[in-house]
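# A closer look at the structure
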Amino acid sequence: MLRAKQVSFQYPQEGHGLPPVSLDVAPGRLTLVTGPSGCGKSTLARCLMGLIPHLYNGEILGEVWLNGFRTTDVPMWQLAEKAGMVFQNPAAQMLAPTVEDEIIFGLENLGLARDEIKSRLETALQDFNLTHMRHRNPQTLSGGEQQRLALAAILARQPQALILDEPLSMLDTTAATDLIAYLERFVAGGKSLVMFEHRHEYLDDLPEVDHIALGGNKEETDFQQHATNLLIQKNFNLIIEGLHVQLGKKEVIHKLNLSLTSGQVVAIVGRNGVGKTTLLRSLAGLQKHNGDIKVITPDGEQRPNFGMVFQNPDLQLFNASVRDELLYRIPNPDIPYFNWLISALGLDRYENTPPLLLSEGEKKRVTLGLALMRRPAHGLLLDEPSLGQDIIHKTILIRLLRTLADAGQLVMMTTHDLNLASHADRLILLGPEGEIIADSLTEVVLQDSSAWQKTGIILPNWFLRQREAESAK
């Protein structure tokens, strides 16, 4: 059982944290916690697991009980025997050199017999479709594959209570649907589950879900203001010819050909691990590759100049404050533009806060601001841009991408968020080997059921119902 009684927490920096919250999760119950980005969901998850106060400094009030233990009264290792937590950023909990070692590590810490460890390992690998990558380094996996590994490692320990912080955020729709079915069985087995999630539409068909909504800042921003300062009109074509990327022994992209025109938003959708991130990294000049990538303008050929927003924002943040991060190495920065940008991204109250102390959604917006402050000549590459974003900030993101495209830039984004993808002008589906299965206007691709079947991606029931409702209007 998980119980929080008027628990609150304040971090020492900027005084932000979690306002008082109470919840009670009995065995055999699933509690869904929702709320705007930055409202304290991850902080509450840390409190429920006991990471606060054992591993985080700050002031905690109220009480948290985990399977009969008050979290402030027992050591962290004892709490870890009773419950498991999967972080919003799965890379933060990867410790071992291989996938199977990552799962074994937690089982060995429980003191299990060798045969039991072996049995649980094989079950976890199979349940989360990791058997074929058991010897790979977790750091070489895609974000979605890392998320599946983190889930496998925790659930192999068979905890009585489970705390999941945005577990669907990096999963493709098929993996997300499979996980919900798995969690439904987990709860039916008499265990407690607390799930913090923005993509809560995946739970719509479950019979009983307790719901807690946390409050927070819900201000919207109009990106049309200052839009003329964002970019200079460009007309160009991006040409990709024979793109080939080899990572170790794995051929990630094989002779990919693609031609894109400026002034549009392009969404790239495919299952976890098919090479979406590798493609963006190649376009940004961050990934060694073979083949040609060039920009053709009326004035001739140019070297591609894109800003990139990584899937994992921690990889881009290293300065002491949000202000320092956005202005880093920008000579003669446009301060009025900077002031508008951090306000538009909902970051103005964090201007002097270290970026790595923010929520995942807020960190993602910092990295977006980073790219925009540099005004890249040809546009933006965004890897899973909706991670950690509530509906308000996702709406802001869509407006921003449309503003960029209308100003003549090319916006390319990889996403598992079908709602976000449906707002793109052009939709590209990648198959199991990274090949292009479909490439056309978004509405055309969304209706091509055979193409989706070839990708191995299912269109969830909630999305199909939503599409039917929109068509009926």
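In what follows, the accompanying structure is described. Being a predicted model, the structure only gives us computed values, none of them experimental.

## Focus: the pairing of strand 13 (residues 290–297)
Here six bridges tie strand 10 (residues 237–247) to strand 13, and the two strands are oriented antiparallel to one another. Of the residues in strand 13, the one forming a bridge with histidine 244 is asparagine 290. By the bridge criterion, three bridges tie strand 13 to strand 14 (residues 300–302) in an arrangement that is antiparallel. Bridging across to strand 14, valine 295 finds its partner in glutamine 302. Where strand 13 folds back on strand 14, the antiparallel hairpin that results is connected by two residues.

## Section: the sheet that holds strand 12 (residues 264–269)
Read from one edge to the other, the open sheet built from six strands follows the order 15-16-17-12-18-19, with strand pairing classed as mixed. Since the sheet does not close on itself, it has two edges, and those belong to strand 15 (306–309) and strand 19 (436–441), each with one partner. The mean inter-strand angle of the sheet, taken between neighbouring strand axes irrespective of direction, is 15 degrees. Here strand 18 (residues 426–430) runs beside strand 19; their pairing, made up of five bridges, is antiparallel. What sits directly across from leucine 429, in strand 19, is alanine 438.

## Observations regarding the sheet that holds strand 7 (residues 161–165)
With parallel pairing, the five strands of this open sheet are ordered in space as 6-7-8-3-9. Every interior strand has two partners, whereas the edge strands, strand 6 (83–86) and strand 9 (210–213), have only one. Between one strand axis and the next, the sheet turns by 15 degrees as a mean value, whatever way the strands run. Bridging between strand 7 and strand 8 (residues 192–196) involves five bridges; their strand directions are parallel.

## Points about helix 13 (residues 391–406)
It helps to recall that an α-helix has 3.6 residues per turn; residues three or four apart then point in one direction. Taking 1.5 Å of rise per residue, the 16 residues of helix 13 would be expected to cover 22 Å, and the 22 Å separating its terminal C-alpha atoms lies within 8% of that figure. Turning to helix 13, its buried residues number three or more, namely Ile392, His393, Lys394, Ile396, Leu397, Leu400, Leu401, Thr403, Leu404 and Ala405. One side-chain oxygen of the residue at the start of helix 13 lies 2.9 Å from the amide nitrogen of isoleucine 392, identifying that residue as aspartate 390. Following helix 13 by one or two positions, glycine 408 has its phi on the positive side, about 100 degrees.

## Overview of the pattern of salt bridges
Taken as a whole and assessed by the stated rule, the structure comprises 20 salt bridges. With a shortest N-O distance of 3.1 Å, arginine 3 and aspartate 24 are connected by a salt bridge. Remark: aspartate 24 occurs in strand 2 (residues 17–25) and arginine 3 occurs in strand 1 (residues 2–10); sequence separation between them is 21 residues. Taking the shortest distance from any N to any O, the salt bridge between glutamate 208 and arginine 29 comes out at 2.5 Å. On the criterion of sequence distance, the pair formed by glutamate 208 in the loop between strand 8 and strand 9 and arginine 29 in the loop between strand 2 and strand 3 (30–34) is long-range, its members being 179 residues apart. For glutamate 208, a relative accessible area of 53% corresponds to the exposed category. A relative accessible area of 24% places arginine 29 in the partly exposed class. Residues joined in a network through salt bridges with shared partners are Arg29, Glu208 and Asp210.

Quick notes on the rules
Residues numbered from 1 in each chain as written. Predicted model: local features only at pLDDT ≥ 70, side-chain atom pairs only at ≥ 80, totals over all residues. Heavy atoms only, no water. Pairing = 2+ DSSP bridges. Helix = DSSP H or I, 4+ residues; strand = E, 2+ residues; numbered from the N terminus. Axes fitted to C-alpha atoms, helices over the stretch in contact; angles between N-to-C directions. Expected span 1.5 Å × (residues − 1). Buried < 20%, exposed > 50% of the residue type's maximum accessible area, 1.4 Å probe, protein only. Polar contact = N/O pair within 3.5 Å; in protein donor to acceptor, adjacent residues only side chain to side chain. Salt bridge = Lys/Arg side-chain N within 4 Å of Asp/Glu carboxyl O.

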